[in-house]
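# Geometric and topological summary
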Amino acid sequence: MGKGTYIQYLDSTLEELEHKRWGNMPPNATTLVKTSYELRKKRLKDYSPEDLRVMIGQKQSLKYLIPIAINFLQQNPFVEGDYYEGDLLQNVLSCPCEFWRQHPEYMEDVSRIIIVAKTEMAEIDLDDEIKNKISELIVDFNKCIGS
């Protein structure tokens with residue numbers, strides 16, 4: 001996948017792309033809900049790894065956000081949101097099988113990222129719990145795509 005795959009919509013917001021506004025934020029909204037409302041109004045070109053981690057973790061707008069996440073992960077599979085190295089990778093690998101089946105064009109890129117991640121996991125100082133979780137998610141992803 002090259003940048004051209006999604007470059008056409010980087011200047012847009014999720015609200016614009018989906019032609020859907022969520023309306024007013026609930027008065028008792030949690031921090032996560034507030035963040036999600038705000039991110040729907042943010043230009044995709046301005047999304048950070050943390051913004052992607054949050055929205056992908058909530059399974060929101062995956063068809064628009066996964067290609068952007070892939071771009072970050074191709075540069076560094078363990079790019080970090082606000083929590084720990086590899087948190088974005090974990091959320092991408094946690095996407096439902098149904099998403100990967102509907103968007104097979106991203107499978108090859110994610111498979112290449114996994115190859116790099118497996119090599120780097122052995123070389124970087126990463127918590128064993130995180131390594132184990134990512135390893136499990138890699139197995140699940142490969143089963144999902146039939147590798």
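In short, a report on the structure. It should be emphasised that the depicted structure is a prediction, and the values quoted were computed from it without experimental measurement.

## Thoughts on the overall build of the protein
Each helix and strand in the protein was counted, giving eight helices and zero strands. Taken from the N to the C terminus, the helices and strands of the protein come in the order α-α-α-α-α-α-α-α. Relative to the globule expectation of 15 Å for 147 residues, the C-alpha radius of gyration of the protein, 15 Å, shows essentially globular dimensions. A principal-axis box enclosing the C-alpha atoms of the protein has dimensions of 45 × 30 × 25 Å. Here the protein holds 147 residues, and the buried ones make up 46% of them. In the protein, of all internal contacts separated by at least 6 residues, the share reaching a separation of at least 24 is 63%.

## Observations concerning helix α4 (residues 62-75)
Counted at 1.5 Å a residue, the expected span for α4 with its 14 residues is 20 Å, and the 20 Å between its end C-alpha atoms agrees. Counting buried positions along α4 yields 10 of 14 residues, so the element is predominantly enclosed. Residues Leu62, Tyr64, Leu65, Ile66, Pro67, Ile68, Ala69, Ile70, Asn71 and Leu73 constitute the buried set of α4. Buried residues belonging to α4 abut α1 (14-18), α3 (49-57), α5 (87-93), α6 (97-102) and α7 (107-123).

## Describing the state of the cysteines
Here the structure, examined in full by the defined rule, presents one disulfide. The disulfide partner of Cys97 is Cys144, and the S-S distance across this bridge is 2.3 Å. With Cys97 in helix α6 and Cys144 in helix α8 (residues 128-145), this pair connects stretches of sequence that are 47 residues apart. Using a relative accessible area of 28% as the deciding quantity, one classes Cys97 as partly exposed. Assessed through its relative accessible area of 11%, Cys144 is described here as buried. We note that Cys95 lacks a disulfide partner, and the nearest cysteine sulfur, in Cys144, lies 9.7 Å from it.

## A short note on the nonpolar core
Generally speaking, a soluble globular protein has its nonpolar side chains buried in company with each other. Among the nonpolar cores identified, the biggest contains 43 residues, and Leu44, Ile56, Ile66, Val92 and Trp100 are the most heavily contacted of them. Within the residue set of this core, elements represented by two or more residues are α1, α3, α4, α5, α6, α7 and α8. The biggest single contributor to this core is α4, with eight residues. Excluding anything up to four places from it in sequence, Val92 contacts Ile56, Ile66, Ala69, Leu73, Trp100 and Val110.

## Digging into the packing of helix α2 (residues 31-40) against α3
Packing of α2 against α3 brings their axes to within 10 Å, and their N-to-C directions diverge by 110 degrees. Taken together, the axis directions place α2 and α3 in an arrangement best described as roughly perpendicular. For the crossing formed where α2 meets α3, the hand is left-handed. On α3, the residues touching Leu32, Thr35, Ser36, Leu39 and Arg40 of α2 are Asp51, Val54 and Met55. In the contact of α2 with α3, the residues fall into four nonpolar, two polar and two charged.

## Things to note about the pattern of salt bridges
Enumeration over the complete set of coordinates arrives at 10 salt bridges. Through salt bridges with shared partners, a single network forms among Glu15, Arg21 and Lys41.

## Quick notes on α2
Because each turn of an α-helix spans 3.6 residues, side chains separated by three or four positions end up pointing in the same direction. All of the buried residues in α2 are Ser36, Tyr37, Leu39 and Arg40. Seen end-on, α2 carries its buried residues on one side only, within an arc spanning 165 degrees. For α2, the exposed residues set more than 90 degrees away from the buried face come down to Thr31 and Glu38. Buried positions along α2 lie against α1 and α3.

Rules used in this analysis
Residues numbered from 1 in each chain as written. Predicted model: local features only at pLDDT ≥ 70, side-chain atom pairs only at ≥ 80, totals over all residues. Heavy atoms only, no water. Helix = DSSP H or I, 4+ residues; strand = E, 2+ residues; numbered from the N terminus. Rg over C-alpha atoms; globule rule 2.2 N^0.38 Å. Buried < 20%, exposed > 50% of the residue type's maximum accessible area, 1.4 Å probe, protein only. Contact = heavy atoms within 4.5 Å. Expected span 1.5 Å × (residues − 1). Disulfide = S-S within 2.5 Å. Core = buried A, V, L, I, M, F, W, Y, C linked by side-chain atoms within 4.5 Å. Axes fitted to C-alpha atoms, helices over the stretch in contact; angles between N-to-C directions. Parallel < 35°, antiparallel > 145°, perpendicular 65-115°, else oblique. Left-handed = near helix turned anticlockwise from the far one by under 90°. Nonpolar A, V, L, I, M, F, W, Y, C, P; charged D, E, K, R; others polar. Salt bridge = Lys/Arg side-chain N within 4 Å of Asp/Glu carboxyl O. Arc of directions from axis to C-beta.

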